[in-house]
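Understanding the architecture of this molecule
Chain by chain, the residues:
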Amino acid sequence: MEYDLPSDFDIIVVGTGMVESIVSAAASRIGKRVLHIDSNSYYGGLWASFNLDSISKIPEGNRSQPVVENKENEIVYPVGNDVFDLRIHSQKWHIPESNPEKDVDESDSAVAQEEHEWTQEKLLKISRKFNIDLAPKLHFAKGDFVELLISSNIARYSEFRSVSRILTWLNGSLEIVPCSRSDVFSSNRVSVIEKRMLMKLLTSCVDGDENEFKGYEGKTFQSYLKDRKLTENLIHYVLYAIAMCTDDTLCLEGVEKTKRFLGSLGRFGKTPFLYSMYGSGEITQAFCRLSAVFGGIYALNQSLNGFIYDNDNTFKGIICGKQRINATHLVMSLEKLPKEIVDFSTTEYISRAIFITDKSILEDEREHLTLLLFPPVDRKAACVVLELGSLTGTCPKGLHIVHVFTKQTVNPEDDLKHCVEKLFCKREGESNSSPSILWSFYFSAPNTFSQKLECEKLLNTYVCPGPDLDLDYDPAIERAKEIFERIYSNAEFLPRAPDPEEIIIEGEDNNNIINETEERAEVPADQGDVSSELAHEDDT
Amino acid sequence: MHGRLKVRTTEEQQLLKRKEQQKKLMAYRLGMKQILESRKQDTYDPKSLAICAQLLMVNPDIYTLWNYRKEVVLLELKADNDESEQLANFLENELKLTEQCLLANPKSYGSWHHRYWVLARHPNSNWQNEFDLCSKYLTMDERNFHCWDYRRLVLNKIGITLGDELKFSTNRININFSNYSSWHYRSTLQALTADCVQDELSLVKSALFTDPMDSSAWFYLRWLLSNSVVTHDHMRDLLDNLNQLLELEPECKWILVAKCWLLKNLQMDEGSYKTEQIASYSKLQEIDSMREGQYVDYLKLLQLD
């Protein structure tokens, strides 16, 4: 290393994943000295977004590990473990590497057609137009995440696009789920009576008093919907798409989930969901930016050579390159935890697939940002499908990125096969209306949220879980808040950050304002009446 | 402490804000004075006109200022008989000003009127462009009745494509059917024919069933029923639908009110339905007590028959 970092901090955060970044921002915001470092050269860890070229190079596993060193009065643990890494199943191209030499005599139309044929070479040339999420997330427009962005004023660092339609798979085809009042009105898939039944049910889930669900405490949500005499179609829409439940979900849980969905309707756009422009990886960086604005120090691409503890297992510092950096607290992502003290192993995985496709799964006049909630079938768990177009800034025009994921039971390919087969062309060059897959990436990611992540062996050390199956960041925020409150029990969690106009730039004399307002007192008092003329009244 | 942000307190911010407001107020009073004086002298100077534009951009609802501008426009038109480029530029500037003003207040009567007034006197007014602007505007805010009115005026100039306009109205209703303007627009577009009456009834029924508490669709239904092409078959069908809806929503006053409209129409030559009407009005008396007297009167009328 050419230069040294400062060597004393209040808190060191290792890893730039979602939970770590929130904790970092929150600590920096209340004036703590924060060092936030990552051994990767990019932000986000398992929550990052990559371009097409770099995603083919993401490291699958951890490098060789040195052993624990026992020095006088201190123990140095090596950094990282391989328990919580991504497991890459396959990454494949389904298009030719490059176009065969063009025949000069070819007619113009043939050449024009040729231009529409994608090749690996063509896609890699525009590799930077892709932002491929390892952990794609949506945001409930009135959910904890959006509210946190607003209350903390972090929203100024991010841009969003609303999901424009929600689909389900019903009776062998894709169908738009009527979820808002205007959808229900304009849907020609449901009769007028069904319209009323659906609206009535949705309102009673939101406004219904306790009596509404009396007697359903131990029963399923499905049985409640059946008792409300909803038709099969409506039950499907509500159960699998709006509430995102299974046949076994209990009634009250189903009601809660329906509320979460409906509560976010009508705030931005037609559906309850937002997606972060340029990829979900942007979000961790927005929190990092806030942390840096308030003085947090950032260093990526650091070689982390050890965590230092004293003999009582209290955190003392880290070894970064050859430098020793001391701090009171250590917050780190799960995959950075020393192998020697990993006493939890992961049993749950998320099966994920990412595709680049040549058209939408359901073509329309305009480009959509689509969420497909593929219902559970034949003992296969429900799958979430998120289709992103070029308007999200995650892929070039004319192409789509499709994320498909579900809870893992076997392996990514087998878990998602039934859904993928229905949506995309099976073979290359097969001409039918479904989109073709140009590139595919199957991998498993550990789902560590259900684990209890207390690190009792090491004191002043806090462990952050990786991405989970929740559509939004709610569990991550909750975990970050928990960690922050354990470290700084009396401090406010991410209070509103000031806008630029509220910040006094050095050299600007704050007293000026006071002086000039004293002059103002000389202005005749009757002017107050006229000022109301300048105010606009809205004649709605 | 080094590196900490200094932040203005709320009091400081309020002081700053108040100070700015005072500044604006001074400028406003000064400007008004200048304009009124120069108007009195029955001439205009470009300086006053510029000040007038600035004031309107802040508050487009001062009619006096718009009138002053109109006087100036008339002077310009009179002075310039050969429709020169200079005049065109002058009028274009007026149009640009109204755009600015509508950004400040999209529901300013004065701005909408001034725009139409200027265009009507423009030697080569581009009405097609106005029409496209209307479509764009209503895509962003489908409930601005000023813009719906303006669209009707513009259509008078360029001629109407009935099918397109109906489709446009349907699209706006699909976005949000709590839209008096768009329902009303439909009713001005067409004389209802036997061919389209069924489609209109289906559309309005969708709205009624989706949200029977929303009054806008009920008013459109009332207009439909006032039309002679709606047959008794249509009405009996509709009556069945309303009874179904009433079973689901027995406390909704609009269903009963509409039922009474229907029953009254049907009664005229069939003489029946009287008891149903009495039942409906009695129920209305109970659930819509604010209009109790009205229902009592209707009941009296029924008893007289």
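Nothing here was measured: the structure is a model prediction, and the numbers come from that model. (Residues numbered from 1 in each chain as written. Chains lettered and ligands numbered in written order. Predicted model: local features only at pLDDT ≥ 70, side-chain atom pairs only at ≥ 80, totals over all residues. Heavy atoms only, no water.)

Some remarks on the overall build of chain A
Tallying secondary structure elements over chain A gives 15 helices and 22 strands in all. Among the 540 residues that make up chain A, the fraction classed as buried is 54%. Counting contacts in chain A only where the partners sit at least 6 residues apart, residues at least 24 apart contribute 73% of the total. For chain A, the accessible area works out to roughly 24,900 Å², and carbon and sulfur atoms hold 46% of it. (Helix = DSSP H or I, 4+ residues; strand = E, 2+ residues; numbered from the N terminus. Buried < 20%, exposed > 50% of the residue type's maximum accessible area, 1.4 Å probe, protein only. Contact = heavy atoms within 4.5 Å. Areas by Shrake-Rupley, 256 points an atom, 1.4 Å probe, with all protein chains shown as cover.)

A few points about the sheet that holds strand β9 (residues 160-162) of chain A
Residue and element names in this part refer to chain A. Judged by pairing direction, the sheet is antiparallel, and its 3 strands sit side by side in the order β8-β12-β9 without closing on themselves. Either end of the sheet is taken by a strand with one partner, and the two such strands are β8 (139-140) and β9. As paired strands, β8 and strand β12 (residues 273-276) are joined by 2 bridges and run antiparallel to one another. Bridge pairing in β12 links H139 to L274. (Pairing = 2+ DSSP bridges.)

Here we look at helix α11 (residues 215-225) of chain B
Judged by how many residues are buried, α11(B) sits mostly within the fold: 8 of 11 residues are covered. Here α11(B) has its buried residues at B:S215, B:S216, B:A217, B:W218, B:Y220, B:L221, B:L224 and B:L225.

Some points on a negative patch on the surface
Residue and element names in this part refer to chain A. On the surface, D144, E478, E482 and E485 cluster together into a patch of negative charge. Per element, the largest residue contribution to the negative patch is 3 residues, and it comes from helix α13 (residues 474-487). Residue placement: E482 occurs in helix α13. With a relative accessible area of 37%, E482 lands in the partly exposed category. (Patch = residues over 30% accessible without salt bridge, like charges linked within 9 Å, V, L, I, M, F, W, Y side chains within 5 Å. Salt bridge = Lys/Arg side-chain N within 4 Å of Asp/Glu carboxyl O. Lys, Arg positive; Asp, Glu negative; His and termini not counted. Charge placed at Lys NZ, Arg CZ, Asp CG, Glu CD.)

Focus: the sheet that holds strand β11 (residues 173-176) of chain A
Residue and element names in this part refer to chain A. Strands sit in the order β6-β21-β17-β20-β19-β18-β10-β11 across an open sheet of 8 strands; the sheet is mixed. Bordering the open sheet on either side are β6 (87-93) and β11, each of which pairs with just one other strand. Across the sheet, the mean angle separating the axes of adjacent strands is 20 degrees when strand polarity is ignored. Of the strand pairs in this sheet, strand β19 (residues 383-388) and strand β20 (residues 400-407) are connected by 5 bridges, and their pairing is antiparallel. In the strand pairing of β20, E387 is matched with V402. The strands touched by helix α9 (residues 232-242) within the sheet are β10 (165-170), β11 and β18 (370-374), with β10 carrying the most contacts at an inclination of about 120 degrees. (Axes fitted to C-alpha atoms, helices over the stretch in contact; angles between N-to-C directions.)

As for the pattern of salt bridges
Residues and elements named next belong to chain A. A full pass over the atoms with the stated rule returns 33 salt bridges over all chains. A salt bridge links D499 to R496, with the nearest nitrogen and oxygen atoms 3.0 Å apart. Given a relative accessible area of 15%, D499 falls into the buried group. Counted as one network, the salt bridges with shared partners bring together D8, D10 and R33.

Digging into the nonpolar core
Residues and elements named next belong to chain A. Membership of the largest hydrophobic core comes to 59 residues, with the highest contact counts inside it found for I11, M18, F130, F145, F287, V331 and L494. The biggest single contributor to this core is helix α1 (residues 18-29), with 7 residues. Ranked by size, the runner-up nonpolar core spans 47 residues in total, among them C179, V184, L230 and L371. (Core = buried A, V, L, I, M, F, W, Y, C linked by side-chain atoms within 4.5 Å.)

Focus: the domain arrangement of chain A
Domain assignment breaks chain A into domain 1 (8-84 + 278-344 + 452-487) and domain 2 (180-264). Here the C-alpha centroids of domain 1 of chain A and domain 2 of chain A sit 42 Å apart. (Domains from an automatic or database assignment.)

Comments concerning the packing of α11(B) against helix α12 (residues 232-248) of chain B
All names here are of chain B. The contact between α11 and α12 brings their axes to 13 Å, and the two run at 155 degrees. Between α11 and α12, the interaxial angle falls into the category roughly antiparallel. In this structure, α11 crosses over α12, and the sense of that crossing is left-handed. The residues of α12 that touch α11, namely those facing W218, L221 and L225, are M235, L238, L242 and L245. Looking at the contact of α11 with α12 residue by residue, the classes come out as 7 nonpolar, no polar and no charged. (Parallel < 35°, antiparallel > 145°, perpendicular 65-115°, else oblique. Left-handed = near helix turned anticlockwise from the far one by under 90°. Nonpolar A, V, L, I, M, F, W, Y, C, P; charged D, E, K, R; others polar.)

Some remarks on the pairing of β12(A)
Look at any regular strand and the pattern is simple: side chains alternate between the two faces of the sheet. All names here are of chain A. Covered by surrounding structure in β12 are F273 and Y275 together with L274 and S276, the residues of both alternating faces. In this structure, β9 lies alongside β12, joined through 3 bridges in antiparallel fashion. In the strand pairing of β12, S162 is matched with L274.

Concerning unusual backbone geometry
With a phi angle near 60 degrees, A:N301 is a residue other than glycine that sits in the positive phi range. The exposure class of A:N301 is exposed, given its relative accessible area of 55%.

Things to note about helix α6 (residues 127-140) of chain B
Across its 14 residues, α6(B) extends 20 Å between first and last C-alpha, which sits within 8% of the 20 Å expected from 1.5 Å per residue. As for α6(B), its buried residues are in contact with α5 (109-121), α7 (145-158) and α8 (162-175) of chain B. (Expected span 1.5 Å × (residues − 1).)

A word on the side chain of A:T284
Residue and element names in this part refer to chain A. For T284, the location among the structural elements is in helix α11 (residues 281-293). Looking at T284, the relative accessible area reads 0%, which means it is buried. Once residues within four sequence positions are removed from consideration, T284 is found in contact with T16, G17, M18, S21, G44 and W47.

Things to note about the packing of helix α7 (residues 192-207) of chain A against helix α10 (residues 251-263) of chain A
Residue and element names in this part refer to chain A. Look at α7 against α10: their axes get within 9 Å of each other, and the N-to-C directions meet at 100 degrees. Taken together, the axes of α7 and α10 lie roughly perpendicular to each other. Contact with α7, carried on its side by L202, C205 and V206, involves V255, T258, K259 and L262 of α10 and no other residues of that element. Along the lines of polarity and charge, the residues of the contact of α7 with α10 split into 5 nonpolar, 1 polar and 1 charged.

Here we look at the packing of aromatic side chains
Going through the model one piece at a time under the given rule, you end up with 32 aromatic pairs over all chains. Ring plane angle 65 degrees and centroid distance 5.4 Å describe the contact between A:F355 and A:F424, whose orientation is recorded as edge-to-face. A residue pair is termed long-range when its members are at least 10 positions apart, and A:F355 in strand β17 (residues 349-357) and A:F424 in the loop between α12 (412-423) and β21 (437-446) qualify at 69 residues. Relative to B:Y185, the ring of B:W148 has its centre 4.9 Å away and its plane inclined at 55 degrees; by these criteria the two rings are tilted. Taken together, the positions of B:W148 in helix α7 and B:Y185 in helix α9 (residues 180-189) put the pair 37 residues apart, joining distant regions of the chain. Classification of B:W148 by relative accessible area gives buried; the value is 1%. Grouped by ring-pair contacts, the aromatic residues B:W112, B:Y116, B:W127, B:Y137 and B:Y150 constitute a single cluster. Here A:K219 stacks its cationic end above the ring of A:Y216, 5.3 Å away from the centre of that ring. The positively charged end of B:R151 is found above the aromatic ring belonging to B:F168, 3.8 Å away from the centroid. (Phe/Tyr/Trp six-rings, centres within 6.5 Å; stacked < 30°, edge-to-face > 60°. Lys NZ or Arg CZ within 6 Å of the ring centre and 35° of its normal.)

Digging into the environment of A:L459
Considering the arrangement of structural elements, one finds A:L459 in the loop between β21 and β22 (461-464). Judged by its relative accessible area of 40%, A:L459 falls in the partly exposed class.

So, the environment of B:A53
All names here are of chain B. Mapped onto the fold, A53 is located in helix α2 (residues 46-58). Considered as a pair, A53 and S108 are 55 residues apart in the sequence and their alpha carbons are 15 Å apart. Excluding anything up to four places from it in sequence, A53 contacts R69 and L97.

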